[in-house]
Amino acid sequence: MRSLASAGNAGRPPGGPAASLLRPSSSSSSSSSSSSSSFSSSSSSSFSFSSSSDFGLFGHKAMTGDEAARRWEFLRAAFQHIFAKKAGALSYEEVYRYAYLLVINKRGRLLYDGARQCVEGHLQAVASEIAEKDDDDLFLAALLEKWRDHRVNMQMIKDVLLYLDKHYVEMHHLTPSFSMGMSLFCSTVLQHPNIQLRFRHLLLDRIRKEREARLHSKLLFLFSPFFSSSRDSSVCAES
């Protein structure tokens, strides 16, 4: 029978670009270091958890509701750090372990619903920020920037929730965390009442102008022999 420790190692992702973003770097700036130390100290004072071997299966005590709620609050704070582009202040291994322990203690629904609500709340603020852009070019630029940021954020959250996706989401036929986040961007940001119609109008307008520009360039290319020299131009004018 596989031990709890070996199960954690098997479920732990090998790493990658997004995972590396969650690990503190020795070359981080002083501001990042101060942010990291403040987050670590606040987490240790707010969440005095026992070691991971104290929670689990087969002889270990079950995680209480209060303990599960405190662990989720830690993860929620970690997600907020990711949204604020302060992922360097987090320890990937620690954040992943908290998510892993919630799943093996049958708190997968708490983690999944909590992550969904956290992402949705963040995107509501993003949508309001984009909708306030009066200039059309700034509006489109902000929308594109937030979309790119959201993809990076969801990749990191996906790495944290890897064990949840593999052992809870599949079993309950739910949408995986990354796809869930992408879907929330569409429903919360792109379908926002002050964004949807405006974005559609601007997008169609850009497509129309692009087509007209291509047609104009094509016509110039086709008829360029008639205007290749001043002599040809004068002949055309006389005719």
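Conventions and cut-offs
Just so you know, the residues in each chain are numbered from 1, in the order the chain's sequence is written. It should be noted that, the model being predicted, local features are given only for residues of pLDDT at least 70 and side-chain atom pairs only at 80 or more, the latter also being counted only at that level, while totals for whole chains, interfaces and linings use all residues. Just so you know, side-chain values use all the structure's heavy atoms and leave hydrogens and water out. Lining residues are those with an atom within 4 Å of a point, where the points come from a 1 Å grid over the protein atoms alone and group into cavities, where a 1.4 Å probe fits but cannot get out, or pockets, open sets with protein on both sides within 12 Å along at least five of seven lines. Grid points are joined across faces, edges and corners, and a volume is the space filled by probe spheres set on the points. Put simply, DSSP H or I for four residues or longer makes a helix, DSSP E for two residues or longer makes a strand, and each gets a number counted from the N terminus. Residues are grouped as follows: Ala, Val, Leu, Ile, Met, Phe, Trp, Tyr, Cys and Pro are nonpolar; Asp, Glu, Lys and Arg are charged; every other residue, Gly included, is polar. Whether two residues are in contact is decided by their heavy atoms: any pair within 4.5 Å suffices. To get an axis, fit a line to the C-alpha atoms, keeping to the stretch in contact for a helix; angles then go from 0 to 180 degrees between the N-to-C directions. Oblique is the label for every angle not falling under 35 degrees (roughly parallel), over 145 degrees (roughly antiparallel), or within 65 to 115 degrees (roughly perpendicular). Throughout, a crossing is termed right-handed when the near helix is turned clockwise from the far one, and left-handed when it is turned anticlockwise from it by less than a right angle. Accessibility here uses a 1.4 Å probe with only protein chains present; expressed as a share of the type maximum, an area under 20% marks a residue as buried, one over 50% as exposed, and anything in between as partly exposed. Put simply, two rings from Phe, Tyr or Trp (the six-membered ring, in Trp's case) pair if the centres are within 6.5 Å, and we call them stacked under 30 degrees between planes, edge-to-face over 60, tilted for the rest. Charges are assigned to positions over rings by a cutoff of 6 Å between ring centre and Lys NZ or Arg CZ, combined with an angular limit of 35 degrees from the ring normal. Any Lys or Arg side-chain nitrogen located within 4 Å of an Asp or Glu carboxyl oxygen qualifies as a salt bridge.

Draft legend 1. How the structure looks around the layout of surface pockets. Approximately 260 Å³ is the volume found for the largest pocket. Contributions of two or more residues to the lining of the largest pocket are made by helix 4 (65-83), helix 6 (108-131) and helix 7 (136-160). Broken down by element, the residue count for the lining of the largest pocket peaks at six residues, all from helix 7. Each residue belonging to the lining of the largest pocket can be placed in one class, and the counts come to nine nonpolar, four polar and four charged.

Draft legend 2. Just the environment of Glu120, in detail. Relative to the assigned elements, Glu120 resides in helix 6. Placed 65 residues apart in sequence, Glu120 and Phe185 show a C-alpha to C-alpha distance of 8.0 Å. In this view, Glu120 contacts Leu184 and Thr188; residues no more than four positions away in its chain are not counted.

Draft legend 3. Expanded view of the packing of helix 4 against helix 7. At a closest axis distance of 9 Å, the pairing of helix 4 and helix 7 adopts a crossing angle of 155°. Between helix 4 and helix 7, the crossing angle belongs to the class labelled roughly antiparallel. You can see that helix 4 and helix 7 cross each other, and the crossing is right-handed. Residues Phe79, Ile82 and Phe83 of helix 4 touch helix 7, and the partners they reach there are Asn153, Met156, Ile157 and Val160. Within the contact of helix 4 with helix 7, the residues separate by chemical class into six nonpolar, one polar and no charged.

Draft legend 4. Main features of the side chain of Thr188. Structurally, the position occupied by Thr188 is in helix 9 (residues 177-190). Among the residues examined, Thr188 registers a relative accessible area of 11% and is labelled buried. With sequence-adjacent residues up to four places away left out, Thr188 is seen in contact with Glu120, Leu123, Gln124 and Ala127.

Draft legend 5. Main features of the packing of aromatic side chains. The full count for this structure, using the stated rule, is five aromatic pairs. On the numbers, 4.4 Å between centres and 70° between planes, the contact of Phe74 with Tyr98 is edge-to-face. Taken as a pair, Phe74 in helix 4 and Tyr98 in helix 5 (residues 92-104) lie far apart in primary sequence, 24 residues in all. For Tyr98, a relative accessible area of 7% gives the class buried. Where Trp147 meets Phe185, the ring centres are 5.1 Å apart and the plane angle is 65°; that geometry is what we call edge-to-face. Highlighted residues: Trp147 in helix 7 and Phe185 in helix 9, separated in sequence by 38 residues. Geometry around Phe178 places Lys158 over its ring, the cationic atom sitting 5.9 Å from the centre.

Draft legend 6. View of the pattern of salt bridges. Within the structure shown, the criterion is met by 11 salt bridges. We note a salt bridge from Lys85 to Asp149, for which the minimum N-O separation is 3.3 Å. Residue Lys85 is found in the loop between helix 4 and helix 5, and its partner Asp149 is found in helix 7; the two are separated by 64 residues along the sequence. Close ionic contact of Arg109 with Asp113 constitutes a salt bridge, the shortest N to O distance being 3.2 Å. Of this pair, Arg109 and Asp113 both sit in helix 6, four residues apart, roughly one helical turn. The class for Asp113 is partly exposed, based on a relative accessible area of 26%. Members of the salt-bridge network, linked through shared partners, are Asp137, Asp205, Arg206, Arg208 and Lys209.

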